[in-house]
Amino acid sequence: MTDLESHLAPYAARSAHTRGRVHAEPASSSRSEFQRDRDRVIHSTAFRRLEYKTQVFVNHEGDLFRTRLTHSLEVAQIARSIARNLRLNEDLVEAISLAHDLGHTPFGHAGQDALNTCMKNHGGFEHNLQSLLVVDELEERYGGFNGLNLTFETREGILKHCSRVNAAALGELGRRFLEGAQPSLEAQLANLADEIAYNNHDIDDGLRSGLLTLEQLDEVPMWGRHRAEVTAAFPGINGRRAINETVRRMINTLIVDLIETTGRNIAAASPKTIDAVRAAGPLVAFSPKIHEEAAALKRFLFRHLYRHYLVMRMSAKAQRIVSDLFSAFMQDSRLLPPQYQASHGGDQPRLIAHYIAGMTDRYAIREHRRIFAVSESN
Ligand code: MG
């Protein structure tokens, strides 16, 4: 096979130098190792479920809001554009981006917090670690092994954060959290592309839902600056078109800044290999000015959107659904589908966490009704 990765920078991740898969497999005749990983993620069950899982707005609240699926596609698009500019491995950043949220519970962060609380005395619940478990263990697609058997580099990128306790149990993959080392540039990039995507689409969805107003947003410097640019370029522009043009420009500013700053950081550190990248400090970064502006934007979203009383009401309902389900299954595991009953092997609280984490928003709502509403059929 011709080398599909000959155009990459020396510090990029390369299939030829991968630390490999847990279960050895023959190389593909037509695809690089990271292309295969990307394809495996897209064909997984967990990936399809992202369509019905929430970011901020619960799936049934409207058809135009982001879901985890569209969010993951936006992250992949942003990450790939930046990767191509920096001659990083586009297939690897795409695989990481598409897989990064596979372990998310229903109802976004509210669901994750509730499940973590339920699991407090049983090892806790981290959505990041759950994403890794999905690709390592929970997907059932291959005759010879559990999970998707992805490369070390894709798995390294999926595991963005990890507590020291969990890291210690993960062996080679967890080592960087104990030693303070970095992951590949592709992994660092997917992480910041995630941030660019959600900050901007939460503004867009926040305005669309009416929970945020344009007047409130004027206090955010990054928004104000780009909004003024748009008005100057298109006098009289307003409504959705003005919002979209502003968000579009903000995303572009963040991407260009990330490319330029990271390019400078790479030039200064001049890593010759991916191992040198891992030993250096974080290299993928925004400039100080943009970093501060992005932080201000995040604080704004936290105050005005994530803590908005209507979002809080939905989050409270979501937390109740998750903890009600968890308690009901803990009290009587016979209510669980057989494959999640510990009598078939496994640790009961963890099996319940896997069952709940795999649910879509609407499945969790339906399951709650099936368990608790007398009038509902089973
Ligand atoms: Mg994300």
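Residues numbered from 1 in each chain as written. Predicted model: local features only at pLDDT ≥ 70, side-chain atom pairs only at ≥ 80, totals over all residues. Heavy atoms only, no water.

Explanation requested: the packing of aromatic side chains in the structure shown.
Centre distance and the angle of the planes are the two values used to describe a pair of aromatic rings. Here the structure, examined in full by the defined rule, presents five aromatic pairs. Centroid distance tyrosine 142 to phenylalanine 145: 4.9 Å. Interplanar angle 25°. Geometry classified as stacked. Phenylalanine 145 sits in the buried class, given a relative accessible area of 15%. Their ring planes at 55° and their centres at 5.6 Å tell us that phenylalanine 329 and tyrosine 355 sit as a pair that is tilted. In this pair, phenylalanine 329 sits in helix 16 (residues 309-331) while tyrosine 355 sits in helix 17 (residues 348-358), placing the two residues 26 residues apart along the sequence. Among the aromatic side chains, those forming a connected cluster through ring pairs are Phe329, Tyr340, Tyr355 and Tyr363. In this structure, arginine 370 is placed above the aromatic ring of tyrosine 363, and the distance from its NZ or CZ to the ring centre is 5.2 Å. (Phe/Tyr/Trp six-rings, centres within 6.5 Å; stacked < 30°, edge-to-face > 60°. Buried < 20%, exposed > 50% of the residue type's maximum accessible area, 1.4 Å probe, protein only. Helix = DSSP H or I, 4+ residues; strand = E, 2+ residues; numbered from the N terminus. Lys NZ or Arg CZ within 6 Å of the ring centre and 35° of its normal.)

I keep staring at the pattern of salt bridges and nothing clicks. Help me out?
Oppositely charged side chains can form a pair if their charged atoms are brought close together. Counted according to the given criterion, the structure contains 36 salt bridges. A salt bridge links glutamate 33 to arginine 21, with the nearest nitrogen and oxygen atoms 2.6 Å apart. Of this pair, glutamate 33 sits in helix 1 (residues 33-42) while arginine 21 sits in the segment before helix 1; the two residues are twelve residues apart in sequence, bridging distant segments of the chain. On the basis of relative accessible area, arginine 21 is assigned to the buried category, the value being 13%. A salt bridge links arginine 66 to aspartate 205, with the nearest nitrogen and oxygen atoms 3.0 Å apart. Placement of the pair is arginine 66 in the loop between helix 2 (45-49) and helix 3 (68-85) and aspartate 205 in helix 10 (residues 185-209), with a sequence separation of 139 residues. (Salt bridge = Lys/Arg side-chain N within 4 Å of Asp/Glu carboxyl O.)

Help me understand the domain arrangement of the protein chain, please; the structure alone is not making it clear to me.
A common way to express how large an interface is: the accessible area buried when the components associate. Along its sequence, the protein chain is organised into domain 1 (32-311) and domain 2 (319-372). Each of domain 1 and domain 2 has a C-alpha centre, and these two points are 28 Å apart. Between domain 1 and domain 2, roughly 1900 Å² of surface is buried when both sides are summed, and carbon and sulfur atoms account for 68% of that area. Three residues stand out in domain 1 for area buried against domain 2, namely Tyr52, Pro106 and Phe107, and they jointly supply 28% of the buried area on that side. Where domain 1 touches domain 2, the interface holds eight residue pairs in polar contact (both at pLDDT 80 or more). For the side of domain 1 that touches domain 2, the secondary-structure elements that each account for two or more residues are helix 5 (108-118) and helix 6 (127-138). (Domains from an automatic or database assignment. Buried area = accessible area lost by both parts, 1.4 Å probe. Polar contact = N/O pair within 3.5 Å; in protein donor to acceptor, adjacent residues only side chain to side chain.)

Just checking my understanding: could you explain the side chain of glutamine 112 for this structure?
Mapped onto the elements of the fold, glutamine 112 is located in helix 5. If we ignore the near neighbours within four places in the chain, the residues touching glutamine 112 are Thr105, Phe125, Glu126 and His127. (Contact = heavy atoms within 4.5 Å.)

Any chance you could explain the coordination of the magnesium ion here in plain terms?
In an ideal tetrahedron of four donors about a metal, each angle is 109.5 degrees. In an ideal octahedron of six donors, the angles are 90 or 180 degrees. All of the protein donors around the magnesium ion are His71 (NE2), His100 (NE2), Asp101 (OD) and Asp194 (OD); their distances to the metal are 2.1 to 2.7 Å. Here the donor residues of the magnesium ion share one chain and are spaced in sequence as H-x28-H-D-x92-D. Taken together, the residues span a long stretch of sequence, with histidine 71 in helix 3 and aspartate 194 in helix 10 at a distance of 123 residues. Considered together, histidine 71 and aspartate 194 belong to a single accessibility category, that of buried residues. (Donors = N, O, S within 2.8 Å, 3.2 Å for Na, K, Ca; no water.)

I'm lost on helix 17 in this one. Help?
Within helix 17, ten of the eleven residues are buried, leaving the element largely enclosed by the surrounding structure. For helix 17, every residue scored as buried is listed here: Gln348, Pro349, Leu351, Ile352, Ala353, His354, Tyr355, Ile356, Ala357 and Gly358. Against the buried residues of helix 17 lie helix 2, helix 5, helix 6, helix 16 and helix 18 (361-372).

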